[in-house]
Amino acid sequence: MRWFNLTVLDVVDVVVSKIARFDATDRSDIDAMIRKGLVDHAVFIERFRDAVDERSGAASADQLPKYVERLHTIERDMFGEDETDIELPSWI
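A.B. asks: Looking at this model, I keep getting lost on the pattern of salt bridges. Mind explaining?
C.D. replies: Pairing between side chains of opposite charge can happen when their charged atoms approach one another. One pass over the full model with this rule turns up eight salt bridges. A salt bridge links R21 to D23; its shortest N-O distance comes to 3.5 Å. With its nearest N and O atoms 2.5 Å apart, the salt bridge here joins E83 to R76. The partly exposed category is assigned to E83, whose relative accessible area is 44%. If you follow the salt bridges from partner to partner, you end up with K18, R21, D23, D26 and D29 in one network.

A.B. asks: Even after reading the chapter, I still don't get the nonpolar core, so can you show me in this structure?
C.D. replies: Proteins that are soluble and globular tend to have nonpolar side chains buried together. Core analysis: the biggest nonpolar cluster contains 22 residues, and I30, I34, V39, F44, F48, I74 and I86 have the highest contact counts within it. Within the residue set of this core, elements represented by two or more residues are α1 (11-18), α2 (24-35), α3 (41-55) and α4 (64-79). Per element, the largest residue contribution to this core is seven residues, and it comes from α4. For V39, the contacting residues outside a window of four places in its chain are V11, V12, V15, M33, I34, F44 and F79.

A.B. asks: What is the right way to look at the packing of aromatic side chains in this model?
C.D. replies: Each aromatic ring pair is specified by the distance between its two centres and by the angle formed by the two planes. If you walk through the whole model with that rule in mind, you get one aromatic pair. Their ring planes at 35° and their centres at 5.7 Å tell us that F44 and F79 sit as a pair that is tilted. Taken together, the positions of F44 in helix α3 and F79 in helix α4 put the pair 35 residues apart, joining distant regions of the chain. Over the ring of F22 we find R27, and its NZ or CZ is 5.5 Å from the ring centre.

Reading the values: rules and limits
Residues numbered from 1 in each chain as written. Predicted model: local features only at pLDDT ≥ 70, side-chain atom pairs only at ≥ 80, totals over all residues. Heavy atoms only, no water. Salt bridge = Lys/Arg side-chain N within 4 Å of Asp/Glu carboxyl O. Buried < 20%, exposed > 50% of the residue type's maximum accessible area, 1.4 Å probe, protein only. Core = buried A, V, L, I, M, F, W, Y, C linked by side-chain atoms within 4.5 Å. Helix = DSSP H or I, 4+ residues; strand = E, 2+ residues; numbered from the N terminus. Contact = heavy atoms within 4.5 Å. Phe/Tyr/Trp six-rings, centres within 6.5 Å; stacked < 30°, edge-to-face > 60°. Lys NZ or Arg CZ within 6 Å of the ring centre and 35° of its normal.

Right, dumping it as structure tokens:
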């Protein structure tokens, strides 16, 4: 194994990446990772904001309001937390 370099996503990054598709399996996976204590809410919000900043200039930026709605679903239903205010660019 000395000739291999492995790179893996952090669990929080996996959760943020699942917000785009957000089908039943994704929701179940996210819920399981949160229930196991693998996802810190504050870190999750920080990474989500980073993803918003990254995607704001992309062709898919118009999807950001939908992603924020999904974030709020995760916060309410899985974390049991209040919704976090996420500022989107004014042109969206």
